[in-house]
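Summary of structural features
Spelled out, the chains give:
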Amino acid sequence: FGEDTEEDKEARDKQKASLESQKEKKVVVGKSSLVIDVKPWDDETDLKKLEECVRSITMDGLFWGASKLVDVAYGVKKLQIMLTIEDDKVGSDDLEDAVTGFSDYVQSMDIVVWNKI
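So, here's what we can say about the structure. From a predicted model like this one, the values you see are computed outputs, not experimental measurements.

1. Observations regarding the pattern of salt bridges
- Tallying each qualifying case throughout the model produces seven salt bridges.
- Lys 77 serves as the salt-bridge partner of Asp 71, at 3.6 Å between the closest nitrogen and oxygen.
- Under the relative-accessibility criterion, Lys 77 is labelled partly exposed at 33%.
- A salt bridge links Glu 86 to Lys 89, with the nearest nitrogen and oxygen atoms 3.1 Å apart.
- With a relative accessible area of 13%, Glu 86 lands in the buried category.
- When salt bridges that share partners are traced, they join Asp 60, Glu 86 and Lys 89 into one network.

Put into structure tokens, the structure is as follows:
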């Protein structure tokens, strides 16, 4: 009474192996949903071309969503665009550098909303 048999040891080893394999399979990919404002230089900036430039940015883990033009002042509009990123693959600095790299169209970029998914 109280001693483990070979069958008990084998069953316990199988259970441990099963639990370890389940832990390894549960790799959670952290994602975030963002809304960014992309501000043009002035009211004469081609906003369709601005949006094309921004959407042309491709990174592993970056997915573009819906967009709209929002009035700022004096006839100037800004591009507000939604995107989803995988946190481990896309950093905010990399994204900002890529967007502001279109200096002919983009004056600045702000992250308005950042929600973890």
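2. Notes on the side chain of Asp 37
- One can find Asp 37 in strand E1 (residues 31–40).
- There is a polar contact of 3.0 Å between the side chain of Asp 37 and the side chain of Gln 80.

3. Re the nonpolar core
- Val 38, Leu 62, Leu 83 and Val 99 are the most contacted members of the largest nonpolar core, which totals 17 residues.
- If you list the elements that add at least two residues to this core, you get E1, helix H2 (47–55), strand E3 (76–86), helix H3 (92–100) and strand E4 (106–116).
- At four residues, the largest contribution of residues to this core is made by E3.
- Val 38 has contacts with Leu 50, Val 54, Lys 78, Leu 79, Val 99, Val 106, Ser 108 and Met 109, leaving out every residue within four places of it along the chain.

Cut-offs used in this document
Residues numbered from 1 in each chain as written. Predicted model: local features only at pLDDT ≥ 70, side-chain atom pairs only at ≥ 80, totals over all residues. Heavy atoms only, no water. Salt bridge = Lys/Arg side-chain N within 4 Å of Asp/Glu carboxyl O. Buried < 20%, exposed > 50% of the residue type's maximum accessible area, 1.4 Å probe, protein only. Helix = DSSP H or I, 4+ residues; strand = E, 2+ residues; numbered from the N terminus. Polar contact = N/O pair within 3.5 Å; in protein donor to acceptor, adjacent residues only side chain to side chain. Core = buried A, V, L, I, M, F, W, Y, C linked by side-chain atoms within 4.5 Å. Contact = heavy atoms within 4.5 Å.

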